[in-house]
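# A structural walkthrough
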Amino acid sequence: MGIKVYGSPVSTCTARVLAVIEELGLEYELVPVDLSTGEHKRPPHIERNPFGQIPALEDGDLVLFESRVITRYLVRKYGKGSDLLKEDTPVEAATVDQWIEVETQHFNGPVSAVVFQHLFLPLFFGGTTDEKAAAAEAEKLGKVLDVYEVKLSKTKYLAGDFYSLADLHHLSYGHYLIAATPHGSLIHSRPHVKAWWDRITSRPASKKAAAGLVLSI
Amino acid sequence: MVLKLYGSPVSTCTGRVVAVIEEIGLEYELVPVDLTTGEHKRPPHIERNPFGQIPALADGDLVLFESRVITRYLVRKYGKGSHLLKEHTPEEAAAVDQWIEVEVQHFNSPISVLVYQHLFLPVFYGGKTDEKVVAAEVEKLGKVLDVYEAKLSKTKFLAGDYYSLADLHHLTYGHYLLTTTPHASLFHSRPHVKAWWEAIASRPASKKVTAALSFTS
């Protein structure tokens, strides 16, 4: 009985979970789910994730979906010694929560739209990038990264001077933004954001998780 | 030192926090932030919330933004006896997290667009409801609520047989959907969703919050 991750190594949300698994040094099995055949929308996968998405996690009898639920669970269950979550006091926990929520509410929307326009749309759907839509989302993302630039001029990482899930959750979409779209400068033109990005992507666990993110046009 | 909540009683996200405050029975001061004059985009508010939104919370030296970060903090700090979060084991915590994340990732977007189209757009911006957008979001929200219908046929509340933050986070947008848009049937036509809604909305704390959520169109 071990950890099973149902997903794909090229998927941003699967890689988010793999990054935590690698940080914690856990044994696991990656069970591929074939999106091209609609496997994710049918039983048995739809019983693990009623929204028909990847990833899902099985750990013994527990089945979870949503990558950011899985990452939190893995840290609480197996990563007590790490600083990936700091849950000893409500104040510490809120500090990490704060920037986990910022990634969810502010970063994820525009970055996933930009990556969709430049990568997933042409690659998987044979569509053409809507340059106007992509530019609008890139502008939104720029404003979000302006807030990050200010925060990261005060602390080394988002929640403070320690690496946490708040930083880790950015890895996979950040990777594709730089590797597969023309908007990498959003990160590179902001010195504190750039330094933070270099720091978080150079971690061995980050490199292992990113190694699967190979999609390109 | 009393809790200060910066926001507005008619705001969905402020109301989300007020619901937790009322559930736990805390003393607090609601400090109004005037969106019509752009107060939320200027100092001092923008120093509390760098994204220029409401609410923000000040508890002594701690300042937090994002309603769902604030609700979690308040439960951990002041609501240990409640079941609003269950954090005794990683598995229990994950069960609540699971449906907190579902609200964020699946429910929030379509319902907030519908409330915007039918309420905020005409009332604040003198704009006209876009029926095509509405139809698309009604369909999306319907599919999400189909998943809820299946889950709520197995458990009384979303995370299990106890009321938690996962349910509470739905109150304010749910209230506006039912009272200011023509789409109440999205809830009422699904028997388990309907019963769940009646259970959560009839709580004294919920009634206090929804009493303040009103506009005259």
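The residue numbering used here restarts from 1 in each chain and proceeds along that chain's sequence as written. The naming scheme follows written order: chains are lettered A onward, ligands numbered 1 onward. Reporting in this predicted model follows two pLDDT cut-offs: at least 70 for local features of residues, and 80 or more for side-chain atom pairs to be given and counted; totals over whole chains, interfaces and linings ignore these cut-offs and use all residues. Calculation of side-chain values draws on the structure's entire complement of heavy atoms; hydrogens and water are dropped beforehand.

### As for the pattern of salt bridges
All names here are of chain A. Any carboxyl oxygen of Asp or Glu that lies within 4 Å of a side-chain nitrogen of Lys or Arg is treated as forming a salt bridge with it. All told, the structure shown has 26 salt bridges over all chains when counted by the stated rule. Residue arginine 76 is joined to glutamate 87 by a salt bridge in which the shortest nitrogen-to-oxygen separation is 2.8 Å. With arginine 76 in helix 3 (residues 67-78) and glutamate 87 in the loop between helix 3 and helix 4 (90-125), this pair connects stretches of sequence that are eleven residues apart. Classification of residues uses two cut-offs on accessible area relative to the type maximum, computed with a 1.4 Å probe and protein chains only: under 20% is buried, over 50% is exposed, and between them is partly exposed. Judged by its relative accessible area of 9%, arginine 76 is buried. Under the relative-accessibility criterion, glutamate 87 is labelled partly exposed at 32%. Glutamate 137 is paired through a salt bridge with lysine 140; the nearest N and O atoms lie 3.0 Å apart. Secondary structure counts use DSSP, requiring at least four H or I residues in a row for a helix and at least two E residues in a row for a strand, with both numbered from the N terminus.

### Looking at the packing of helix 4 of chain A against helix 3 (residues 67-78) of chain B
Axis geometry follows a simple rule: fit a line to the C-alpha atoms, using only the stretch in contact for helices, then measure angles between N-to-C directions, giving values from 0 to 180 degrees. At their nearest, the axes of helix 4 of chain A and helix 3 of chain B sit 9 Å apart, and the two run at 160° to each other. Considering the angle they form, helix 4 of chain A stands roughly antiparallel to helix 3 of chain B. The hand of the helix 4 of chain A/helix 3 of chain B crossing is right-handed. Two secondary-structure elements touch here, helix 4 of chain A through Pro90, Val91, Ala93, Ala94, Asp97, Gln98, Glu101 and Gln105 of chain A and helix 3 of chain B through Arg68, Val69, Arg72, Tyr73, Arg76 and Lys77 of chain B. Only Asp, Glu, Lys and Arg are considered charged in this grouping, and only Ala, Val, Leu, Ile, Met, Phe, Trp, Tyr, Cys and Pro are considered nonpolar; every other residue, Gly among them, is considered polar. Among the residues forming the contact of helix 4 of chain A with helix 3 of chain B, the class breakdown is six nonpolar, two polar and six charged. The cut-offs work like this: below 35 degrees is roughly parallel, past 145 is roughly antiparallel, 65 to 115 is roughly perpendicular, and the gaps in between are oblique. The hand of a helix crossing depends on one turn: near helix anticlockwise from the far one by less than a right angle means left-handed, and clockwise means right-handed. Any two residues whose heavy atoms approach within 4.5 Å at even a single point are treated as in contact.

### What to know about the interface of chain A and chain B
Across the contact, 29 residues belong to chain A and 29 residues belong to chain B. Put simply, buried area is how much 1.4 Å-probe accessible surface two parts lose in total, over both of them, once they are put together. A per-residue breakdown of the area chain A buries against chain B is headed by Phe51, Arg76 and Gln98 of chain A, which together make up 21% of the total. Linking chain A with chain B are five salt bridges. Linking aspartate 97 of chain B and arginine 76 of chain A is a salt bridge whose minimum nitrogen-to-oxygen distance equals 3.1 Å. Under this definition, polar contacts are N or O atom pairs within 3.5 Å; protein pairs additionally need one hydrogen-donor-capable and one acceptor-capable atom, and for neighbouring residues in sequence, both atoms have to be side-chain atoms. Taken together, the connections running from chain A to chain B amount to nine residue pairs in polar contact (both at pLDDT 80 or more). When residues of the side of chain A that touches chain B are traced back to their parent elements, those giving at least two are strand 4 (62-65), helix 3, helix 4 and helix 5 (131-151) of chain A. At twelve residues, helix 4 of chain A tops the list of elements feeding residues into the side of chain A that touches chain B. A per-class count over the side of chain A that touches chain B returns 16 nonpolar, five polar and eight charged.

### Brief notes about the confidence of the model for chain B
pLDDT is a residue-level measure of predictor confidence that goes from 0 to 100. Mean pLDDT over chain B works out to 96, with 99% of the residues at or above the 70 mark. Complex prediction metrics read pTM 0.97 and ipTM 0.96.

### Quick notes on the UniProt feature "domain: GST C-terminal" (unreviewed entry) in chain A
Here, UniProt's "domain: GST C-terminal" (unreviewed entry) annotation points to residues 89-217 of chain A. The annotated region residues 89-217 of chain A carries 72% helix and 0% strand content, and the separation between its end C-alpha atoms amounts to 46 Å. UniProt positions are given in the numbering used here, feature names are shortened, and annotations may be inferred rather than shown by experiment.

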